[in-house]
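Chains, contacts and geometry: an overview
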Amino acid sequence: MGTGASKRTQDGSHAGEAPEEEEEYLDQGGGGQLYVSLKMENNYKLKKGELLPHVFGSVPLVGSWDPNKALSMERESTSMWELSFVVPPNHETLDFKFLLKSKYNTNAVCVVEEGPNRQLIGGALQGDARQALFRISSDEVLEYRVFIKADRVSPFDLAASWRAYQENLRPSAVRGIPDVSIGSVPEIGGENGSSASLELDLEHYVVPAPSASGPGYAANNTETPRSLSLTGVFTKSDGSTNSSYTFKDSGIPIDRSSKKEMEVVIPDSSKMYSSSGMVESKSVGTFSPFQKQDSQRGLFVDRGVGSPRLVKSSSSSAFSPEVRKETETKNSMPEAAGAVAAAAIADQMLGPKEDVHLAIVLVGLPARGKTFTAAKLTRYLRWLGHDTKHFNVGKYRRLKHGTNQTADFFRADNPEGMEARNEVAALAFDDMVSWMQEGGQVGIFDATNSTKKRRNMLMKMAEGKCKIIFLETICNDERIIERNIRLKIQQSPDYAEEPDFEAGCKDFKDRLTYYEKVYDPVEEGSYIKMIDMVSGHGGQIQVNNISGYLPGRIVFFLVNTHLTPRPILLTRHGESMDNLRGRIGGDHALSDAGELYAKKLGNFVEKRLKSERAASIWTSTLERTILTAAPISGFPKIQWRALDEIYAGVCDGMTYEEIKKNMPEEYEARKKDKLRYRYPRGESYLDVIQRLEPVIIELERQRAPVVVISHQAVLRALYAYFADRPLKEIPHIEMPLHTIIEIQMGVTGVQEKRYKLMD
């Protein structure tokens, strides 16, 4: 901004007026100011001793026709130069001219544009002179195009801009603090006073989490079998009714002897809904259209895909339309930005058709951490933007055949058991492939798949439909195996009705023995072998025939995962001056309340992690997070650029009201889709997720507690990963100030606890 701007913005004659009076005052022409922008453009490549555009003229623009006092124009782009200033709307005539001055030789002769003086009246350039000609020599003339734009702004906006300008000039309060510091001491606020002290019992500060969280059986959170959870009236071929496929909420069948195929009797829709022709589809909780015919009959094929599929039956010539759970065709591309989106497009354009869909097929003996690994991988891929689902064959088996199966059911020499297990495996795989054909991208197929025969069956089912990568988990640590067995007995629905814990352990170990007798290690196809990786103490990973961006990311993720329990503490910085003003972005210091929270946080970390001396503190590179971490002593502190707040681009430092007023189209675009909306020259939430991936990988790799002090948008994205929240919810997750979210990671999954230290 030119000199004129600084003079005008300090005029506070109307600064105290109410906002309601502002518009009326502007309309009268007395209070508004004109923000004038002069621009010059050329397409020349300036050579050595390049000439830079300047402006000189009369009062009040410059105040002198002396070329040595001319105002330099600032480079806006490679070919555009700009000078802006503020004048009253009824300003006197401004006489000025453009000139070119040497960048390197201040004593060189200036080149003044040809023609008469330019005049600016009421913010408008007089005449038709939209070009500026500069005669460099008798045979060389440089030509520039001239642009002018004048916008009326209020004194209130100018004052806010001037305050922000002054604040940005102040020295940083964290200058000199290294990016990595070890054994640091408190740097602000002196000793913690009584106002910053905490109760001895930290449970005093616990507040409810927004959703119930805690340990549980991971398989219960996997994809619900589509056909096995149907409710309705079914008839056998002999006409007798049977409710064997009518399940309660527990998903346990009443009669497991029913046939695979049976007829479906659909009530007369005209009697139920005379006007709409709709009947309720119990399987999906919506209304699905059917033809209005009495006693429609069709053959129900238990394919395990979506809602019932009705085909022509032997007793009726009528057809019923297929019922689909989803009517919209889903996009098979990931909902992502940056590297993930670029890699997905390349793979889709250059790779085989079936490679668009990826099936990760787990292989391994029971109690080796397959389901835990599958759940973590599912959560990671969803967070990156890939549409991913976890299909657990054990859940299908329990729905189809009940939970009270003894170890004998899993014997290789039990033909009925083998047939039943292969049936539910095929049913689950068919579910997964059908979901992929509807637009799904990555399916995690979770089962033992411990024989070549089973794996060959799956590869045959996948031909031309999806690419299979086997993921084999091998654990030779008897201590870990024993722990996993005991957790299985405690949490698995298979042993929910077993009152004797030790009897349950013996039955499961017998089941394990039967699997070990017929186990075939993976040697075929594309595979990843994780050998003794779950402890976090070394181990090895083997890969065969793995290529492509996504398989490579999966391998990298798996290398860094383990089961070591440890807490991760997430918290926003203390309240900043921009928080008080309602401004987004910026890099300002803490308010008084923010400084108090920093001291309380230091006390909290000291109490909570007093026995965890290997813990570390991570902050962004912005001042408010570094100052919040300053009172924490005794732990290494690491600054991450990736933890910086979402960059608001040209909107940085503005309030949402200012964006709404001055950039209404941007305001509405953000309001419609906060996840994908990218600030002009800034970032979107999807951009933030991409730059946070290294942070997630390192959090997974860490075996000691970590305290992450960051910002609202960043913590929303990190929290969504651990809580397995859908991408569309990330911009709306509540992330309050002065609150600590403790994420406990371990073998039982992810648990959450919240502490609110102050209002």
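The structure under discussion appears in the preceding block.
Residues numbered from 1 in each chain as written. Predicted model: local features only at pLDDT ≥ 70, side-chain atom pairs only at ≥ 80, totals over all residues. Heavy atoms only, no water.

**Description of the sheet that holds strand β4 (residues 74–75)**
Strand order across the open sheet formed by five strands is β4-β5-β1-β11-β10, with antiparallel pairing between neighbours. Of all strands in the sheet, those with a lone pairing partner are β4 and β10 (131–137), marking the two edges. Sheet topology note: the strand β1 (residues 33–41)/strand β5 (residues 80–87) ladder contains eight bridges and is antiparallel. Across the sheet, the residue bridging to Ser37 is Ser84, located in β5. (Pairing = 2+ DSSP bridges. Helix = DSSP H or I, 4+ residues; strand = E, 2+ residues; numbered from the N terminus.)

**With respect to the packing of aromatic side chains**
Between two aromatic rings, the relevant description is the distance of the centres plus the angle of the planes. Inspection of the entire model under this criterion finds 14 aromatic pairs. Ring geometry for Phe429 versus Phe445: centroids 5.3 Å apart, planes at 80°, classification edge-to-face. With Phe429 in helix α8 (residues 415–437) and Phe445 in strand β23 (residues 442–446), the pair connects residues that are 16 residues apart, well separated along the chain. Pair check on accessibility: Phe429 and Phe445 agree, each one buried. Taken together, a centroid distance of 6.3 Å and an interplanar angle of 70° make the contact between Tyr495 and Phe508 edge-to-face. Taken together, the residues span a long stretch of sequence, with Tyr495 in the loop between α10 (478–491) and α11 (501–517) and Phe508 in helix α11 at a distance of 13 residues. Put simply, the rings of Trp383, Tyr721 and Phe722 touch in pairs and so form one group of aromatic residues. A cation sits over an aromatic face here: Lys529 above Tyr527, 5.5 Å from the ring centre. (Phe/Tyr/Trp six-rings, centres within 6.5 Å; stacked < 30°, edge-to-face > 60°. Buried < 20%, exposed > 50% of the residue type's maximum accessible area, 1.4 Å probe, protein only. Lys NZ or Arg CZ within 6 Å of the ring centre and 35° of its normal.)

**So, the side chain of Arg716**
Mapped onto the fold, Arg716 is located in helix α19 (residues 712–723). An unpaired buried charge is present at Arg716: no salt bridge exists, and Glu645, the closest side chain of opposite charge, is 7.4 Å distant. A polar side-chain atom of Arg716 sits 2.7 Å from the main-chain carbonyl oxygen of Ile733. Not counting chain neighbours up to four residues away, the residues in contact with Arg716 comprise Lys674, Tyr685, Ile730, Pro731, Ile733 and Met735. (Lys, Arg positive; Asp, Glu negative; His and termini not counted. Salt bridge = Lys/Arg side-chain N within 4 Å of Asp/Glu carboxyl O. Polar contact = N/O pair within 3.5 Å; in protein donor to acceptor, adjacent residues only side chain to side chain. Contact = heavy atoms within 4.5 Å.)

**Brief notes about the pairing of strand β32 (residues 749–756)**
On a regular strand, each side chain points to the face opposite its neighbour's, so the side chains alternate between the two faces of the sheet. With two bridges joining them, strand β13 (residues 206–207) and β32 adopt antiparallel strand pairing. Opposite Val207, over in β32, you have Arg754 as the bridge partner. In terms of strand pairing, strand β31 (residues 739–746) meets β32 through eight bridges, oriented antiparallel. Within β32, the residue paired with Ile743 across the bridge is Glu752.

**A look at empty space enclosed by the protein**
The full count for this structure, using the stated rule, is five cavities of 30 Å³ or more. Here the largest cavity defines a volume of roughly 90 Å³. Every residue lining the largest cavity is counted, 11 residues in all, and those nearest its centre are Ile177, Ser181, Ile626, Lys637 and Gln639. Mapped onto the lining of the largest cavity, the elements with two or more residues apiece are α15 (623–629) and β29 (637–639). Classifying every residue of the lining of the largest cavity by side-chain character gives five nonpolar, three polar and three charged. The volume enclosed by the second largest cavity comes to roughly 60 Å³. Phe372, Thr373, Lys376, Met530, Val534, Leu558, Thr561, His562 and Leu563 are the residues that line the second largest cavity. Top contributing element to the lining of the second largest cavity by residue count: helix α6 (residues 370–384), with three residues. Grouping the amino acids of the lining of the second largest cavity by side-chain chemistry returns five nonpolar, three polar and one charged. (1 Å grid on protein atoms, 1.4 Å probe; cavity = no way out; pocket = protein on both sides within 12 Å on 5 of 7 lines; lining within 4 Å. Points joined across faces, edges and corners; volume = space filled by probe spheres on them. Nonpolar A, V, L, I, M, F, W, Y, C, P; charged D, E, K, R; others polar.)

**A few points about the environment of Ile177**
Summarising the element assignment, Ile177 is placed in the loop between α3 (155–168) and β12 (180–181). Along the primary structure Ile177 and Ala630 are separated by 453 residues, whereas in three dimensions their C-alpha atoms are 9.9 Å apart.

**What to know about the sheet that holds strand β22 (residues 388–392)**
With respect to topology, six strands assemble into an open sheet ordered β22-β23-β21-β24-β25-β26, the strand pairing being mixed. Only two strands of the sheet have a single partner each, and these edge strands are β22 and β26 (540–544). Taking the axes of each pair of neighbouring strands and ignoring which way they run, one obtains an average angle of 15° across the sheet. In terms of strand pairing, strand β24 (residues 467–474) meets strand β25 (residues 527–531) through five bridges, oriented parallel. Each residue of the ladder has a partner; that of Ile474, found in β25, is Ile531. (Axes fitted to C-alpha atoms, helices over the stretch in contact; angles between N-to-C directions.)

**A look at the pattern of salt bridges**
According to the stated counting rule, one finds 30 salt bridges in the structure shown. Measuring nitrogen to oxygen at the nearest pair gives 2.5 Å for the salt bridge that ties Lys753 to Glu203. You can see Lys753 sitting in strand β32 and its partner Glu203 sitting in the loop between β12 and β13, a full 550 residues away along the chain. With its nearest N and O atoms 3.2 Å apart, the salt bridge here joins Arg641 to Asp644. Under the relative-accessibility criterion, Arg641 is labelled exposed at 64%. Connected via shared salt-bridge partners are Arg397, Arg398, Asp494 and Arg511.

**Some remarks on the pairing of strand β21 (residues 358–363)**
Most of β21 sits inside the fold, with six of its six residues counted as buried. Side chains Leu358, Ile360 and Leu362 project from β21 onto one buried face, and the interleaved Ala359, Val361 and Val363 project onto a second face that is buried too. Pairing geometry for β21 and β24, over six bridges, is parallel. Residue pairing for β24: Val361 is matched across the bridge by Phe470.

**Observations concerning the packing of α6 against α19**
Axis separation between α6 and α19 bottoms out at 8 Å; the angle between their running directions is 145°. Regarding α6 and α19, the two cross each other, and that crossing is right-handed. In this structure, α6 contributes Arg379, Tyr380 and Trp383 to the contact, and α19 contributes Ala717, Ala720, Tyr721 and Phe722. Residues of the contact of α6 with α19, tallied by class, amount to six nonpolar, no polar and one charged. (Left-handed = near helix turned anticlockwise from the far one by under 90°.)

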